[in-house]
Amino acid sequence: MKYMLLINAGSVAEDGSADGCDVQDWVNFDKAVQDAGIFVSGESLADLVTATSVRVAADGTRTVVDGPFAETREVLGGFYVIDVPDLDVALEWAARCPGALGGGSVVVRPVADFA
Amino acid sequence: MSSSETGAAVEAVFREEHGRLLAALVRRFGDLDLAEEVTSAALEAALVHWPVQGVPAKPGAWLMATARRKAVDRLRRDQAYAAKLALMQVDAVTEPVEGAEFPDDRLLLFFTCAHPALPPEVRGALTLRCLAGLGTPEVARAYLVPPATMAQRIVRAKKKIREARIPFRVPGADEWPGRLPGVLQVLYSIFTEGYVASSGPSLQRADLAAEAIRLVRILRLLLPAEREVAGLLALMLLVHARRDARTAADGSIVLLQEQDRGRWDGPMIAEGLALVRVALTGGPAGPYAVQAAIAALHDEAASVATTDWPQVVALYDVLLVLTPSPVVAVNRAAAVALRDGPAAGLVLLDALRDSDKLRDYGPLHVARGELLERLGRRGEAVSAYGKALDLAGTEPEQAHLRRRLAALSS
C-alpha cells in the first residue's frame, strides 16, 4: 500500500531548511527509507517564494498569480511516497522523518488505488 | 423450550459471543464489513435452526463455523473478492470443525477501535458496537445523537480503517506503552459519559456505565497482568457503587456529603477494593490506580467528616505528578479545603481560576461557590454559582445550582 508523506515544515531557518534538524538528519532519513526498500518517490520543494498559482475560470480565462503565500505557519516543503503494509508502519516512518520535528508535521495520506 | 425463551437464550449468547466472533473473523479475513455481515448472518441462522434443533452444546463454536462458511460463500460469489480470496489462501475446501474452540482475538479489536488515527468521538462508539455488541441505534442513544448521525460517523470511521488500512493487530511490545493508555481512555470516556451525561435531561445513564464496566472486565480477562486495567476496573466499580445514592427519586443531584451511604453497593465496593490492592501492588502506581485509591477512601468512610482527607490530598499530589492537569488541581483544592478548612482551599482555587483551561470549567465555579458560602461571602458565592449555572450541561445540574442560588438569596 502506497502512502504519501506530506512534509510541512514548522518554522524555516535562514538557509531554507526546517528548524529542529540539520541536513545530516535528512540524509540519514533518506538513506533509511532507501535501505528499507520502501521508497517509491520523493522530492523536496524549492523555496515558497518561487511558487506560482494558476486558475482557469469557467469561461476559460487563465489567471496566473505569484504565491500562494500561506497565512498558515506550516509550509509544504517536500514529500515522500512509500510502499508499506499498513498505516501503523507508515505512521512509524512519518514519526522518524525530520520534518515532524521542530513544530512541523507530516501528514500521512494513502494513495488512492483505482485498480 | 418456547420460541421466546429460545429467542432470549440466543440474544444472551449472541451478546456474549458477538465480540469474540467478530474479532476472530476480522483476524481471519481482514475485513470488518465482511466480518460484521457474516456475524449477523450467523445469528439469523441460529434464530432459524436453534428453535428446531435446540441450542448446540458449544453455541459460540457453532456460530463461528456458520459465519466462516458464509464468509467463504460470500467470497466465492463476489467477483471483487476473488483475488482477495486467493491472496488470503482462504481454505474453502475444508469445512471448519464444528465444536472446535477458537482463540480469543478481541484484544486486536480493542486496539483498532481505539486507534489514534480515528476521530476521538467515534472510538467509543466503535468499541461499543464491535465489542459490546450494541447496534447503531443503541450506540446513537448512548451518545444522544440521531441514529442517522451515528450511522454516518461509523461509516466514515470504517471507510478510514479500510482505505487508510488501519491494521487489525495488537501493537508490538515497544508500542504498548503508547497505545494501551489510549484503549483505557476510550473505555473510561464511555464510563464517564454514562456517569455524568454531558448534556440532556438525566444526570447519569447507568446502563452505559455498566456497559463500560463489562468491557473493562473483558479487557482484564485478556490482560490479567496489566495493573492499570485492574486500576480502571476498580475505579469504575468504586464510583458506580454509589449510583443509586447520587440522584434522588425526582432525578435531582444528591451531593456526596448528603448521600445515604447505606444505599451504596456493598459487594461492588468490596470487589473494587480488592482490585485497588492488585493495581497498587508490584511497582509504581498508574493514574487509574491512584484515582481508584481516592475513590476507595471515599467508599470506605462512614461520612465526609470521617474521610481520611490527608490521605486523599496525598494521593492527589501523586496524581498531579502522573497526569498534571488543571482538573486534577481543582479536585485537589477541594480536598485541601476539607483537610485544612475552606479558606485554604479557596486560595488554591482562586489561583487556578485565571488559567485559560479552567475559566469555563463548571466544577471549579461550583467548588468556589461552596467554599465562599461556607466562609459567609454570599455575594461572591452567588456570582460563582451563577457562572457555574451558565456552564452546566444537564438539567439536574442546573436545577441543583438554582436551588443553591435560591437558598443564598432567602
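Residues numbered from 1 in each chain as written. Chains lettered and ligands numbered in written order. Predicted model: local features only at pLDDT ≥ 70, side-chain atom pairs only at ≥ 80, totals over all residues. Heavy atoms only, no water.

- Within an unreviewed UniProt entry, the label attached to chain B reads RNA polymerase sigma factor, and the organism entered is Paractinoplanes aksuensis.

### What to know about the overall build of chain B
1) Next: Helix and strand content of chain B: 20 helices and 0 strands.
2) Next: Across chain B, every contact between residues at least 6 apart in sequence was considered, and the portion connecting residues at least 24 apart equals 64%.
3) Next: Counting only carbon and sulfur atoms, one obtains 56% of the accessible surface of chain B, whose full area is about 18900 Å². (Helix = DSSP H or I, 4+ residues; strand = E, 2+ residues; numbered from the N terminus. Contact = heavy atoms within 4.5 Å. Areas by Shrake-Rupley, 256 points an atom, 1.4 Å probe, with all protein chains shown as cover.)

### Thoughts on the overall build of chain A
1) Next: Helix and strand counts for chain A come out as 2 helices and 6 strands.
2) Next: Its helices and strands in sequence order give chain A the pattern β-α-β-β-β-β-α-β, from N to C terminus.
3) Next: Here chain A, with 115 residues, has 29% of them falling under the buried criterion.
4) Next: Considering only contacts within chain A whose residues lie at least 6 apart along the sequence, 73% involve residues at least 24 apart. (Buried < 20%, exposed > 50% of the residue type's maximum accessible area, 1.4 Å probe, protein only.)

### Topic: the UniProt feature "domain: RNA polymerase sigma factor 70 region 4 type" (unreviewed entry) in chain B
1) Next: The positions that UniProt labels "domain: RNA polymerase sigma factor 70 region 4 type" (unreviewed entry) are, in the present scheme, residues 113-161 of chain B.
2) Next: Counting secondary structure, residues 113-161 of chain B comes out at 71% helix and 0% strand; the distance between its end C-alpha atoms is 9 Å. (UniProt positions renumbered as here; feature names shortened; annotations may be inferred.)

### Looking at the domain arrangement of chain B
Residues and elements named next belong to chain B.
1) Next: We note that the domain assignment places domain 1 (3-88) and domain 2 (106-166 + 177-201) within chain B.
2) Next: Taken together, the contacts link 12 residues of domain 1 with 12 residues of domain 2.
3) Next: Summed over both sides, the interface between domain 1 and domain 2 buries roughly 1100 Å², with carbon and sulfur atoms accounting for 58% of that surface.
4) Next: If you sort the residues of domain 1 by the area they bury against domain 2, Arg15, Leu32 and Glu36 come out on top, with a joint share of 37%.
5) Next: With a closest N to O distance of 3.1 Å, Asp33 and Lys158 form a salt bridge. (Domains from an automatic or database assignment. Buried area = accessible area lost by both parts, 1.4 Å probe. Salt bridge = Lys/Arg side-chain N within 4 Å of Asp/Glu carboxyl O.)

### Thoughts on the interface of chain A and chain B
1) Next: Across the contact, 8 residues belong to chain A and 10 residues belong to chain B.
2) Next: Among the residues of chain A in contact with chain B, Met1, Leu87 and Asp88 of chain A are the three that bury the most area, contributing 64% of the side total.
3) Next: Inspection of the region where chain A meets chain B yields 2 salt bridges.
4) Next: Residue Asp88 of chain A pairs with Arg169 of chain B through a salt bridge whose shortest N-O separation is 2.4 Å.

### A few points about the packing of helix H14 (residues 287-300) of chain B against helix H15 (residues 309-322) of chain B
Residue and element names in this part refer to chain B.
1) Next: Where H14 contacts H15, the two axes come as close as 10 Å, and the packing angle between them is 165°. What the angle tells us is that H14 and H15 run roughly antiparallel. Viewed along their axes, H14 and H15 form a crossing whose handedness is left-handed. Contacts between H14 and H15 involve Pro287, Val290, Gln291, Ala293, Ile294, Leu297 and His298 from the former and Trp309, Gln311, Val312, Leu315, Tyr316, Val318, Leu319 and Leu322 from the latter.
2) Next: In terms of residue class, the contact of H14 with H15 is made up of 12 nonpolar, 3 polar and no charged. (Axes fitted to C-alpha atoms, helices over the stretch in contact; angles between N-to-C directions. Parallel < 35°, antiparallel > 145°, perpendicular 65-115°, else oblique. Left-handed = near helix turned anticlockwise from the far one by under 90°. Nonpolar A, V, L, I, M, F, W, Y, C, P; charged D, E, K, R; others polar.)

### Re a nonpolar patch on the surface
Residue and element names in this part refer to chain A.
1) Next: A cluster of nonpolar side chains, namely Val54, Val56 and Val64, defines an oily patch on the protein surface of about 290 Å² accessible area.
2) Next: Here Val56 shows up in strand E3 (residues 52-56).
3) Next: Note on Val56: relative accessible area 58%, which makes it exposed. (Patch = residues over 30% accessible without salt bridge, like charges linked within 9 Å, V, L, I, M, F, W, Y side chains within 5 Å.)

### Some words on the nonpolar core
1) Next: Formed by 124 residues in total, the largest nonpolar core has its most connected members in Ile82 of chain A together with Leu128, Leu187 and Leu219 of chain B.
2) Next: In terms of residues, this core owes the most to one element, helix H11 (residues 227-240) of chain B, which gives 10 residues.
3) Next: No fewer than three residues from each of domain 1 (3-88) and domain 2 (106-166 + 177-201) of chain B sit in this core.
4) Next: Aside from chain neighbours lying at most four places away, what touches Leu219 of chain B is Leu107, Phe110, Val183, Leu184, Leu187 and Val229 of chain B.
5) Next: Membership of the second largest hydrophobic core comes to 20 residues, among which are Val330, Leu346, Leu358 and Leu401 of chain B. (Core = buried A, V, L, I, M, F, W, Y, C linked by side-chain atoms within 4.5 Å.)

### Let's talk about the side chain of His298 of chain B
Residue and element names in this part refer to chain B.
1) Next: With respect to the helices and strands, His298 occurs in helix H14.
2) Next: Taking the relative accessible area as the measure of exposure, His298 reaches 11% and is therefore buried.
3) Next: Each residue touching His298, except ones within four places of it in the same chain, is listed here: Arg242, Leu256, Arg261, Trp264, Thr307 and Trp309.

### Overview of the sheet that holds strand E1 (residues 2-9) of chain A
Consider a sheet: its strands pair through backbone hydrogen bonds, and that pairing is either parallel or antiparallel.
Residue and element names in this part refer to chain A.
1) Next: Judged by pairing direction, the sheet is antiparallel, and its 4 strands sit side by side in the order E2-E5-E1-E6 without closing on themselves. Here the strands that pair on one side only, and so sit at the sheet edges, are strand E2 (39-44) and strand E6 (105-110). Neighbouring strand axes in the sheet, compared pairwise and without regard to direction, differ in orientation by 20° on average.
2) Next: Where E1 lies against E6, 6 bridges are found, and the strand directions are antiparallel. Bridged to Leu6 within E6 is Val107.
3) Next: Contacting E1, strand E5 (75-83) and E6, helix H2 (residues 87-96) runs over the sheet at an angle of about 155° to E6. (Pairing = 2+ DSSP bridges.)

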